[in-house]
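Letter by letter, the chains look like this.
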Amino acid sequence: MKIAEPHGNYLPGLNGLRALAAGTVVVRHINDVLAQLSLPHYGPTQGHKFAVTVFFALSGFLITYLLLREKEKTGKVSIKKFYMRRLLRIWPLYFIALGGASLFNWLGDLPFDSSLIVFYVLFAGNFLASIDTVIPNAAHLWSLGVEEQFYIIWPWMIRLSRRPIYTLLGFLMLFLTAKAILLFWLGPRSASYMFFHLTRFDCMAIGGIGAWLFWKGIPKSLTKVLFSIPVQVICWLALIVTLFLPGHPYDVLDHTAIGVVTLVIILNLVANPQPLLRLEHRFWNYLGSISFGLYIWHPLVQAANKVILPSLPFSDMGKIIFIYVSVIVETILVAHLSMKYLESPFLRLKDRLGAIGK
């Protein structure tokens, strides 16, 4: 089978995968609102946790791929430009959302310890999440803290490594070993293990290994397995099934396994000329392009709807339909406006700092 070669920074199908992951998180958190109001809820039960894993594996893939291309083309990795690009992509919307959540909590007189904001300001929300402590309407920002922590070490690893694949594999093994030791030594509910469980550098490293394979050229013997219909069906089914798990076992390899599944799907989307599912479509591309806004803004949209929902003169089913429709539509609208008026100016500046061409 002929393998699709990488052409520039844009990779087909990945916006669609982003859209699916963001949509799962939004729907899952709508169910939380319904549960808090003692209303029946449907759809994913644990899917948001694995959807974030999809984001992490995808992030590891894209960041590593771009770093490898930069090093190949320029002979080095510009650490300064890397951090500036990441800052311009994440910080403006992150801090606006954090400020919005804090204001909403204050106006709504929601109980929260305002001193905890410092953890989010320092991108350390995963420290709080590991001990089940969060700020209302800002809890989801822990994942952005993980991303920022990942960025501290990753460009240096690619820049200094002569053989990136060995560095990536070694990092993955060290992380999983540390995680396993904490699991069996301290237990699955210990703060130390939960911190490692949330800080899914293993999933990012798996994405990075896939990026190296794609950049280097996937061996044809491997494509026969990865691109086969049975393997693609198994991976898509595994991803879908995780959305409906009744509970979440804190197993040492659960998210790691979903990271591998996600990587197989990514490689099929970007390198397989005939993937089982094509996500390269105008609709998916649009939702994927605003997926960061969908993820950032949906808790505030849901919180606003939660305030007005009890007073509406609807039956329980009417309220359920209202909350699903209103939150989804409003979140897309807010994310669209966010991209147009908040994110785009910073993204244009970020693009000027791009170290590699298309």
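See above for the structure.
As the structure is a computational prediction, the values presented were derived from the model and not from experiment. (Residues numbered from 1 in each chain as written. Predicted model: local features only at pLDDT ≥ 70, side-chain atom pairs only at ≥ 80, totals over all residues. Heavy atoms only, no water.)

Caption draft 1: Region of the structure containing the overall build of the protein. Counting its secondary structure elements, the protein contains 15 helices and 0 strands. In terms of overall size, the protein behaves like a compact globule, its C-alpha atoms giving a radius of gyration of 20 Å where 358 residues would be expected to give roughly 21 Å. Counting only C-alpha atoms and orienting by the principal axes, one finds that the protein spans roughly 60 × 50 × 45 Å. Burial status across the protein gives 53% buried among its 358 residues. Once local pairs closer than 6 in sequence are excluded, the contacts in the protein between residues at least 24 apart make up 80%. When the accessible area of the protein is evaluated, it comes to approximately 16,900 Å², of which 69% is carbon and sulfur surface. (Helix = DSSP H or I, 4+ residues; strand = E, 2+ residues; numbered from the N terminus. Rg over C-alpha atoms; globule rule 2.2 N^0.38 Å. Buried < 20%, exposed > 50% of the residue type's maximum accessible area, 1.4 Å probe, protein only. Contact = heavy atoms within 4.5 Å. Areas by Shrake-Rupley, 256 points an atom, 1.4 Å probe, with all protein chains shown as cover.)

Caption draft 2: Examining the environment of Trp-236 more closely. As for its position among the elements, Trp-236 is in helix 11 (residues 229–242). When near neighbours in sequence (up to four residues on either side) are disregarded, Trp-236 contacts Leu-17, Leu-20, Ile-265, Leu-276, Leu-277 and Leu-279.

Caption draft 3: Structural view of helix 15 (residues 316–352). If you check helix 15, its first and last C-alpha atoms are 51 Å apart, about what 37 residues at 1.5 Å a residue would give, namely 54 Å. In the structure, helix 15 departs most strongly from a straight axis at Glu-343, where the bend amounts to approximately 60° and where the proline Pro-345 lies between one and four residues downstream. (Expected span 1.5 Å × (residues − 1). Bend = angle between axes of the 7 residues up to and from the residue.)

Caption draft 4: How the structure looks around the packing of helix 9 (residues 201–216) against helix 12 (residues 254–271). Direction vectors running N to C along helix 9 and helix 12 enclose 30°, while the axes themselves pass 9 Å from each other. Our classification of the angle between helix 9 and helix 12 gives roughly parallel. As helix 9 packs across helix 12, the resulting crossing turns out to be right-handed. On helix 12, the residues touching Asp-202, Cys-203, Ile-206, Gly-207, Gly-210 and Phe-214 of helix 9 are His-255, Thr-256, Gly-259, Val-260, Leu-263, Leu-267, Val-270 and Ala-271. Among the residues forming the contact of helix 9 with helix 12, the class breakdown is 8 nonpolar, 5 polar and 1 charged. (Axes fitted to C-alpha atoms, helices over the stretch in contact; angles between N-to-C directions. Parallel < 35°, antiparallel > 145°, perpendicular 65-115°, else oblique. Left-handed = near helix turned anticlockwise from the far one by under 90°. Nonpolar A, V, L, I, M, F, W, Y, C, P; charged D, E, K, R; others polar.)

Caption draft 5: Geometry of unusual backbone geometry. One non-glycine residue, Phe-123, lies in positive phi territory at about 55°. Along the polypeptide, Phe-123 turns up in the loop between helix 4 (117–121) and helix 5 (125–129). We note that Asn-137 has phi near 70°; this positive angle belongs to a residue other than glycine. Within the secondary structure, Asn-137 sits in the loop between helix 5 and helix 6 (142–160). For Asn-137, a relative accessible area of 19% translates into the label buried.

Caption draft 6: Spatial organisation of the nonpolar core. Leu-14, Phe-61 and Trp-154 are the most contacted members of the largest nonpolar core, which totals 90 residues. Top contributing element to this core by residue count: helix 2 (residues 47–74), with 13 residues. Those residues in contact with Leu-14, other than ones at most four positions away along the chain, are Leu-58, Phe-61, Leu-62, Ile-266, Leu-269 and Val-270. With 11 residues, the next largest nonpolar core counts Leu-34, Val-301, Ile-320 and Tyr-324 among its residues. (Core = buried A, V, L, I, M, F, W, Y, C linked by side-chain atoms within 4.5 Å.)

Caption draft 7: The arrangement of the pattern of salt bridges in detail. Overall, the coordinates contain 4 salt bridges when judged by the stated rule. The salt bridge involving Glu-343 is made with Arg-89; its shortest N-O contact spans 3.0 Å. With Glu-343 in helix 15 and Arg-89 in helix 3 (residues 79–107), the pair connects residues that are 254 residues apart, well separated along the chain. Among the residues examined, Arg-89 registers a relative accessible area of 17% and is labelled buried. A salt bridge links Lys-179 to Asp-202; its shortest N-O distance comes to 3.8 Å. Remark: Asp-202 occurs in helix 9 and Lys-179 occurs in helix 7 (residues 164–186); sequence separation between them is 23 residues. What makes Asp-202 buried here is its relative accessible area of 0%. (Salt bridge = Lys/Arg side-chain N within 4 Å of Asp/Glu carboxyl O.)

Caption draft 8: View of a nonpolar patch on the surface. Taken together, Ile-96, Leu-333, Leu-337, Tyr-341 and Leu-342 make up a surface patch of nonpolar side chains, about 460 Å² in accessible area. Sort the elements by how many residues they give to the nonpolar patch and helix 15 lands first, with 4 residues. Following the sequence through the fold, Leu-333 ends up in helix 15. Taking the relative accessible area as the measure of exposure, Leu-333 reaches 49% and is therefore partly exposed. (Patch = residues over 30% accessible without salt bridge, like charges linked within 9 Å, V, L, I, M, F, W, Y side chains within 5 Å.)

Caption draft 9: Just helix 1 (residues 14–36), in detail. For helix 1, which comprises 23 residues, the first-to-last C-alpha distance of 34 Å matches the rise-based estimate of 33 Å (1.5 Å per residue) to within 8%. Residue Ser-38 follows helix 1 closely and has a positive phi angle near 60°.

Without other data, these values stay purely geometric and don't point to any function.
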